[in-house]
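A closer look at the structure
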Amino acid sequence: MLITVCLSVAFAPFLVRSDPQLQDLDRRLQPPVWTTGGAWSHPLGTDALGRDLLSRLLYGGRTSLLIGFLAVAIAGSLGLALGLIAGYLGGVADAVIMRLADVQLAIPFILLAIGLIAAIGPNVRNLVLVLGITGWVVYARVIRASVLSLRHREFVEAARASGAGLARILARHVLPNVLSLAIVVMSLELATMVFSEAALSFLGVGVPPAIPSWGTMLGDGRNYMLVAWWVVTWPGLALAITMLSANLFGDWLRDALDPRLQRS
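The model shown is predicted, which means the values in this text are computed figures rather than measured ones.

The rules we used
Residues numbered from 1 in each chain as written. Predicted model: local features only at pLDDT ≥ 70, side-chain atom pairs only at ≥ 80, totals over all residues. Heavy atoms only, no water. Helix = DSSP H or I, 4+ residues; strand = E, 2+ residues; numbered from the N terminus. Buried < 20%, exposed > 50% of the residue type's maximum accessible area, 1.4 Å probe, protein only. Contact = heavy atoms within 4.5 Å. Areas by Shrake-Rupley, 256 points an atom, 1.4 Å probe, with all protein chains shown as cover. Salt bridge = Lys/Arg side-chain N within 4 Å of Asp/Glu carboxyl O. Axes fitted to C-alpha atoms, helices over the stretch in contact; angles between N-to-C directions. Parallel < 35°, antiparallel > 145°, perpendicular 65-115°, else oblique. Nonpolar A, V, L, I, M, F, W, Y, C, P; charged D, E, K, R; others polar. 1 Å grid on protein atoms, 1.4 Å probe; cavity = no way out; pocket = protein on both sides within 12 Å on 5 of 7 lines; lining within 4 Å. Points joined across faces, edges and corners; volume = space filled by probe spheres on them. Expected span 1.5 Å × (residues − 1). Bend = angle between axes of the 7 residues up to and from the residue.

**Description of the overall build of the protein chain**
- Helix and strand content of the protein chain: 11 helices and 0 strands.
- In the protein chain, the order of α-helices and β-strands from amino to carboxyl end is α-α-α-α-α-α-α-α-α-α-α.
- With the C-alpha coordinates aligned to their principal axes, the bounding extent of the protein chain is approximately 75 × 50 × 25 Å.
- Going through the 264 residues of the protein chain one by one, you find that 45% of them count as buried.
- Contacts in the protein chain between residues at least 24 apart in sequence constitute 70% of all its contacts with a sequence separation of at least 6.
- As presented, the protein chain carries roughly 13500 Å² of accessible surface, and 67% of it is formed by carbon and sulfur atoms.

**Structural notes on the pattern of salt bridges**
- On inspection of all chains with the given rule, the structure shows 9 salt bridges.
- Between Arg144 and Asp94 there is a salt bridge, and its shortest N-O distance comes to 2.6 Å. Remark: Asp94 occurs in helix α4 (residues 91–106) and Arg144 occurs in helix α7 (residues 136–150); sequence separation between them is 50 residues.
- Using a relative accessible area of 22% as the deciding quantity, one classes Arg144 as partly exposed.

**What about the packing of helix α3 (residues 53–89) against helix α10 (residues 214–221)?**
- Interaxial distance between α3 and α10 falls to 7 Å at its minimum, and their mutual angle equals 135 degrees. Regarding the angle of α3 to α10, the classification is oblique. Here Leu53, Arg56, Leu57, Gly60, Gly61 and Ser64 of α3 lie close against α10, whose contacting residues are Trp214, Met217 and Asp220.
- For the contact of α3 with α10, the per-class residue count stands at 4 nonpolar, 3 polar and 2 charged.

**Here we look at the layout of surface pockets**
- Volume-wise, the second largest pocket comes out at about 240 Å³.
- Contributing to the lining of the second largest pocket are 14 residues, with Gln104, Phe109, Thr134, Gly135 and Val138 lying nearest its centre.
- At the level of elements, α4, α5 (109–120), α6 (124–134), α7 and α9 (166–202) are the ones that each hand at least two residues to the lining of the second largest pocket.
- The element best represented in the lining of the second largest pocket is α9, accounting for 4 residues.
- Along the lines of polarity and charge, the residues of the lining of the second largest pocket split into 8 nonpolar, 5 polar and 1 charged.

**Notes on α9**
- Helix length check: α9 (37 residues) gives 45 Å between terminal C-alpha atoms against 54 Å at 1.5 Å per residue, more than 12% under.
- Along its length, α9 shows its largest kink, about 60 degrees, at Leu175, and proline Pro176 lies within four residues downstream of that point.
- Downstream of α9 by one or two residues, Gly204 has phi in the positive range, about 90 degrees.

Here is the structure:
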């Protein structure tokens, strides 16, 4: 399912010919093709401005998934680095990093994200940065717990006794043993990032209205739910399928990379 979603949005220009921003007020709120009043020119119907929903769904998916992948990459890299430092060094470094994580966890995510975006301005780049910066805590805590059990293992002690520096020990001996765990967390967090983008865009502080995304489509169609169900159904369904498939993929990846969880 996840591969199908990714391929569909990646090849959107080849699958649909309609401009996702092209307005046609004569065809506003046109229903899907299989209902009365529908037409093959707009198989999933149109929104309140007469824009083709199929085109907006595919191009909006490109925006939502791109933001999700970039945010996961930033949050994963930052959380992995801080988790390695906190778990291996311990002491003051560990206390400072974990207290920062506790402070961030104490603030509701939506309020924190809205405050940061209001301060730096709503656009795609800033949204990616905010999601990446606010998403590092999960990675840091998971990686730290794993590193705590690795830092006194024999191969790490041997590297330390041979005179290896901190950077070499972390990069050559500790990181390879926690990288698979970080990849699993990234795959599970992808659904969270896609949903967070949709939530912020729905509230009007995420992707600008000029750029199609699943969150902006939900926000645009919320006033027409009772008269045009299709306007919010398709982006909501796409969001649900993407989140479900990303979580299932993460569960499978966890089983595949952890020998203790493999079924006999």
